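# Understanding the architecture of this molecule
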Amino acid sequence: MQIVYRFEMRPTKEQQKKMFHTLKLCRKLYNWSLSERQRVYKETGQGLTYNKQQNMLPGYTKEHLEYKQVHSQVMQDTLRRVDFAYQRFFAKEAGYPRFKNRDHYTSFTYPQMDAVKKTFSKPGKIYLSKIGFVKMTTHREFDASQISRVNIKYHGGKWYANLTAEVEVLENLIDSTKSIGIDVGLEHFAVLSDSTEIGTPKYYRKSERKLAKQQRRLSRKKKGSNNRGKAKTKVARLHAKITNQRKDFLHKASLDVVQSHDIVFMEDLKIKNMVKNHYLAKSIHDASWGTFRNFVEYKCHRYGKIFLPVPPHGTSQTCLCGANVPKDLSVRVHRCPACGMVMPRDLVSAILIERRGLEMLAA
């Protein structure tokens, strides 16, 4: 399976200048590729494929000699991005591809790491073609021979290296008694069927006032001025901090769940539909249930354990005895008129999720 290691980079001023220049040229190539596809379609009624545009690339680089400063595979990956954007559009997974400005094109990729020995030949550094050896904070160990792809990203005022690695799935003997159901919510981030409660950190909510203040300052700055650029950087850094805090929490919570259990059941929630409720949308986005589910799922696969999504229908409106107990979101305690059970509604849901998952697994 594929996993991604993310490490912070510390380039020199000269290296950072080259990296920003690479981003600029890749963005320019992306927009040229998109405009060519649009032009050809208007003139002929037929679109350009990735292979056709790849064949056009040598002629384009001869006309624009500055592209000698960019690795050929980085340019090819830029064309692939345009092609992928069109594929998603035709599959109705995204809107029509748009031209990119510098705020919306923030990474470039080396898709094939053939010279692995050179790339990681110096401890604590990564070699980037046309840029040189760049310092990289490797806070965890990784096998350099497994790295197949390197993505360089500028985010929140910092540079990151995202290393894609092909790793083996660990074999594990599954203990069927170590199963768990997880009910996610807003009062508690998650409640497990063994009564464990995971609190909601609410990182966005806690930083909301500070973020609003920085955004007001940004809105008052003159467009195109240096002060506006500085204010925009401050807003981006605060957003990045919130994102990093949330990811750190989600990684730790998901790892704890997976290490403690062999079979994990979660509701297969349709979050896109849930955020249509404007009263809860901000809190749902802040909780990041979808990311948490993805983290739990890939960690289960990584460590040879079982993850199974469970249909969510009725898990919050049904008692453990099977009786239907309708209640709205404001009712936090489950009271069953049929069997007399009184229990926190989230715990009842978690137990029902585990029961339903075990039934599906047995079937």
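Everything numeric here is computed off the predicted structure, so don't read it as measured data.

What counts, and where the lines are drawn
Residues numbered from 1 in each chain as written. Predicted model: local features only at pLDDT ≥ 70, side-chain atom pairs only at ≥ 80, totals over all residues. Heavy atoms only, no water. Pairing = 2+ DSSP bridges. Helix = DSSP H or I, 4+ residues; strand = E, 2+ residues; numbered from the N terminus. Domains from an automatic or database assignment. Contact = heavy atoms within 4.5 Å. Buried area = accessible area lost by both parts, 1.4 Å probe. Salt bridge = Lys/Arg side-chain N within 4 Å of Asp/Glu carboxyl O. Polar contact = N/O pair within 3.5 Å; in protein donor to acceptor, adjacent residues only side chain to side chain. Core = buried A, V, L, I, M, F, W, Y, C linked by side-chain atoms within 4.5 Å. Buried < 20%, exposed > 50% of the residue type's maximum accessible area, 1.4 Å probe, protein only. UniProt positions renumbered as here; feature names shortened; annotations may be inferred. Axes fitted to C-alpha atoms, helices over the stretch in contact; angles between N-to-C directions. Parallel < 35°, antiparallel > 145°, perpendicular 65-115°, else oblique. Left-handed = near helix turned anticlockwise from the far one by under 90°. Nonpolar A, V, L, I, M, F, W, Y, C, P; charged D, E, K, R; others polar. Phe/Tyr/Trp six-rings, centres within 6.5 Å; stacked < 30°, edge-to-face > 60°. Lys NZ or Arg CZ within 6 Å of the ring centre and 35° of its normal.

## Focus on the pairing of strand 5 (residues 147-155)
Side-chain positions along a regular strand alternate between the two faces of the sheet. Of the strand pairs in this sheet, strand 2 (residues 107-110) and strand 5 are connected by 4 bridges, and their pairing is antiparallel. Residue pairing across strands places serine 107 opposite lysine 153, the latter belonging to strand 5. Direction of pairing for strand 5 relative to strand 6 (residues 158-166): antiparallel, over a ladder of 8 bridges. Across the sheet, residue asparagine 151 finds its bridge partner in strand 6, namely asparagine 162.

## Here we look at unusual backbone geometry
Positive phi values are uncommon outside glycine, yet lysine 130 reaches one of about 75°. Checked against the element boundaries, lysine 130 lands in the loop between strand 3 (125-128) and strand 4 (132-137). Positive phi outside glycine occurs at serine 195, with the angle close to 80°. Locating serine 195 in the fold gives a position in the loop between strand 8 (190-192) and strand 9 (197-198).

## Notes on the domain arrangement of the protein
Assigned domains within the protein: domain 1 (2-166) and domain 2 (179-362). Computed over C-alpha atoms only, the centres of domain 1 and domain 2 are separated by 33 Å. Each side of the interface is counted separately: domain 1 has 7 residues, and domain 2 has 7 residues. Summed over the three residues of domain 1 that lose the most area to domain 2, namely Ile3, His155 and Gly156, the buried surface amounts to 53% of that side. Between domain 1 and domain 2 we count 1 salt bridge in total. Applying the counting rule to domain 1 against domain 2 returns 1 residue pair in polar contact (both at pLDDT 80 or more).

## Looking at the nonpolar core
Counting 41 residues, the largest nonpolar core has Met9, Phe108, Ile126, Ile152 and Leu163 as the members making the most contacts within it. Element by element, the count of residues in this core is highest for helix 1 (residues 13-44), at 8 residues. Setting aside residues no more than four positions away along its own chain, isoleucine 152 makes contact with Met9, Met19, Thr106, Ser107, Phe108, Tyr110, Leu128, Trp159, Tyr160 and Ala161. Core analysis: the next-biggest nonpolar cluster, separate from the first, contains 24 residues, Val184, Ala190, Ile198 and Phe295 among them.

## Notes on the UniProt feature "domain: Probable transposase IS891/IS1136/IS1341" (unreviewed entry) in the protein
Residues annotated in UniProt with the feature "domain: Probable transposase IS891/IS1136/IS1341" (unreviewed entry) correspond here to residues 166-277. Split by type, residues 166-277 is 51% helix and 15% strand. Its first and last C-alpha atoms lie 40 Å apart.

## Examining the packing of helix 1 against helix 2 (residues 50-63)
Between helix 1 and helix 2, the shortest axis-to-axis distance is 12 Å and the interhelical angle comes to 120°. In terms of their interaxial angle, helix 1 and helix 2 are classed as oblique. Of the two elements, helix 1 crosses helix 2, and the hand of that crossing is right-handed. For the pair helix 1 and helix 2, contact is made by Lys28, Leu29, Trp32, Ser33, Glu36 and Arg37 and by Tyr50, Gln53, Met56, Leu57 and Tyr60, respectively. By residue class, the composition of the contact of helix 1 with helix 2 is 6 nonpolar, 2 polar and 3 charged.

## Section: the sheet that holds strand 11 (residues 306-310)
With mixed pairing, the 5 strands of this open sheet are ordered in space as 9-8-7-10-11. Of all strands in the sheet, those bounded by a partner on one side alone are strand 9 and strand 11. Looking at chain direction, strand 10 (residues 263-267) and strand 11 are connected through 5 bridges and run parallel. Residue pairing for strand 11: methionine 266 is matched across the bridge by proline 309.

## Quick word on the environment of glycine 357
In this structure, glycine 357 sits in helix 10 (residues 345-362). Counting along the chain gives 48 residues from glycine 357 to proline 309, while the straight-line C-alpha distance between them is 7.6 Å. Setting aside anything within four residues of it in sequence, one finds glycine 357 in contact with Phe265, Leu308 and Val310.

## Side note on the packing of aromatic side chains
For the coordinates displayed, the defined rule picks out 20 aromatic pairs. Seen in terms of ring centroids, tyrosine 203 and phenylalanine 249 are 6.5 Å apart; in terms of plane orientation they differ by 70°. Their pairing is edge-to-face. Taken together, the residues tyrosine 203 in helix 5 (residues 203-220) and phenylalanine 249 in helix 6 (residues 226-260) connect sequence positions 46 residues apart. Taking relative accessible area as the criterion, phenylalanine 249 reaches 17% and is therefore assigned buried. Three or more aromatic residues joined by ring pairs form one cluster here, namely Tyr5, Phe7, Phe120 and Phe142. When the ring centre of phenylalanine 133 is taken as reference, the NZ or CZ atom of lysine 122 above it lies at 4.4 Å. Above the face of the tyrosine 303 ring, arginine 302 is positioned so that its terminal group lies 5.8 Å from the ring centre.

## Remarks on the sheet that holds strand 1 (residues 2-10)
Strand order in the open sheet formed by 6 strands is 2-5-6-1-4-3, and the pairing between neighbours is antiparallel. Both outer strands of the open sheet, strand 2 and strand 3, are each paired with one neighbouring strand and no more. The sheet shows a mean angle of 35° between the axes of neighbouring strands, taken without regard to direction. Across the sheet, helix 3 (residues 72-90) is in contact with strand 2 and strand 5; its angle to strand 2 comes to roughly 115°.

## Examining the UniProt feature "domain: Transposase putative helix-turn-helix" (unreviewed entry) in the protein
UniProt's feature table lists "domain: Transposase putative helix-turn-helix" (unreviewed entry) at residues 1-45, given in the numbering used throughout. Along residues 1-45 the backbone is 71% helical and 20% strand, and the end-to-end C-alpha distance reaches 40 Å.

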